[in-house]
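What the coordinates show
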Amino acid sequence: MDPIDTGSGSILRQPKAVWATAGASVVAFMGIGLVDPILPSIAEGLDATAGQVSLLFTSYFLITALAMLVTGFVSSRIGGRRTLLLGLALVVVFAGFSGTSGSVGELVGFRAGWGLGNALFVSTALAVIVGAAAGGSAAAILLYESALGLGMACGPLLGALLGDANWRYPFFGTAALMAVGFACIAAFLKEQPRPARKTSLLDPVKALGHGGLASTAVSAFFYNYTFFTVLAFTPFVLDMSPYRSGAVFFAWGVLLAVFSVIVAPRLQKRFGSLRVLGGSLVLLAVDVLVLGHGGHTAAVACTVLSGALIGVNNTVYTELALGVSDAPRPVASAGYNFVRWFAAAAAPFFAPRIEEWSDVHMPFTVAAVTAVLGALVVLVRRRLLTAEAEELRPRHATEDSVGVFAN
């Protein structure tokens, strides 16, 4: 499939409401990697250790994981537009407060509030884009994936450009951009139809009783530990200036975007989703081993290369999560994300402590092991995953894909 032409029309011919939501989504995804190049600067500015600063990711994603149980509950009651605006308002407030932090404890707390706002916004954004987009759900999903990749690529770059002057500036910059996004959505997006059935807080947990969805979530849990070891711990290992670190993670994000949107679908079509996922996880394990045990040049190269493998994995995991369960897609996605984002919270917490207990190489060895464990779950459960995906694909082909958070 051409990345621009979905067969139903160009993804570039969209209503203003879609562009407003997609633009705000780019900024929301930027917030994930924004602090990457300035982690050492934050540690220096607040007289904090690497382990303390890494809690910026832990608090953010811990709240994000818990918020997965809440987002569907909220949006099914107040509507998509109001949920988006509530999420954006929280990000504006807490991103701004983050820039005023006087201690690492305050900053960690403000990042938690930011995570709640981001979860409310991003988990609802795809549903809104699908509902308002021209060209069908395929065009909407592609537009959403493009926003994700662009945001993940630009986040570190913005962090480097503003953070080189002062580590506080990226937070203020994000707050300002999100305020613009709030104004655009308020102006251009009309209220979306509410679901016929209201989502309860326990629906995502109940959905995990499905074997295929549970297997996908567990495999993604192990994979996300590897992913966020690279994202949160590597900046301390590279030990580069904000500009250079930002450039490395910008290149990483570009590969993530290209392989997620363009390469992964082609690989899936040729080799099948499970083979692509298993092979990519094994390659990621090798990549992080070289990253952790090689020299500085190898660490830079493997950091960038990991973006390609992460992009492939993100796409395949999302499709599995939305295709193997008979639960409504928003509910299945919330349950899946509820499990996997706990690993995103755990990796930044444990990686610096593993280094303290052993050496700088061991966190990457552990990350390689978790990537292999993710591949083993896919291997052991492949028959269930394949059978369920094939059985449910015709039914889901006619449904809108909604409720995905950050792949």
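A brief structural summary. Throughout this description, residue numbers start from 1 for each chain and increase along the sequence as written. Restriction of local features to residues with pLDDT of at least 70 applies here, the model being predicted, together with a cutoff of 80 or more for giving and counting side-chain atom pairs; totals for whole chains, interfaces and linings are based on all residues. Where side-chain values are given, they derive from all heavy atoms of the structure, hydrogens and water being excluded.

Concerning the overall build of the protein chain
Put simply, DSSP marks the helices as runs of H or I at least four residues long and the strands as runs of E at least two long, and each gets a number from the N terminus on. Of regular secondary structure, the protein chain possesses 16 helices and zero strands. Any two residues whose heavy atoms approach within 4.5 Å at even a single point are treated as in contact. Summarising the internal contacts of the protein chain: among those between residues at least 6 apart in sequence, 87% fall at separations of at least 24. What sets the accessible areas is the Shrake-Rupley method with a 1.4 Å probe; for residues, cover comes only from the shown protein chains. Counting every atom, the protein chain has about 15,300 Å² of accessible surface; 66% of that belongs to carbon and sulfur.

A closer look at helix H14 (residues 329-357)
Between its terminal C-alpha atoms H14 stretches 42 Å, which fits the 42 Å expected from 29 residues at 1.5 Å a residue. Values of bend correspond, residue by residue, to the angle between axes fitted over the seven residues ending at that residue and the seven starting there. At Ala346, H14 shows its maximal kink, close to 30 degrees; a proline, Pro348, follows between one and four residues later. Throughout this description, buried means an accessible area under 20% of the type-specific maximum (1.4 Å probe, protein chains only), exposed means over 50%, and partly exposed covers the range between. Judged by how many residues are buried, H14 sits mostly within the fold: 21 of 29 residues are covered. Every helix has an expected span of 1.5 Å times one less than the residues it contains.

Description of the environment of Gly272
Along the chain, the position of Gly272 falls in the loop between helix H11 (242-271) and helix H12 (273-293). Counting along the chain gives 44 residues from Gly272 to Val316, while the straight-line C-alpha distance between them is 9.8 Å.

A look at the packing of helix H13 (residues 296-323) against H14
At a minimum axis distance of 8 Å, the contact between H13 and H14 shows a crossing angle of 125 degrees. Between H13 and H14, the crossing angle belongs to the class labelled oblique. Relative to H14, the crossing made by H13 is right-handed. Touching Tyr317, Thr318, Ala321 and Leu322 of H13 are Arg329, Ala332, Ser333 and Tyr336, all from H14. Note on residue classes: Ala, Val, Leu, Ile, Met, Phe, Trp, Tyr, Cys and Pro are nonpolar, Asp, Glu, Lys and Arg are charged, and everything else, Gly too, is polar. Class assignment of the residues belonging to the contact of H13 with H14 gives a composition of five nonpolar, two polar and one charged. To define axes, lines are fitted to C-alpha atoms, for helices over the stretch in contact only, and angles between the resulting N-to-C directions are given on a 0 to 180 degree scale. We call two directions roughly parallel when the angle between them is under 35 degrees, roughly antiparallel when it is over 145, roughly perpendicular when it lies between 65 and 115, and oblique otherwise. Each crossing is labelled by how the near helix is turned from the far one, with a counterclockwise turn of less than a right angle marking it left-handed and a clockwise turn marking it right-handed.

Everything listed here is a matter of coordinates, which is why it stays silent on function.
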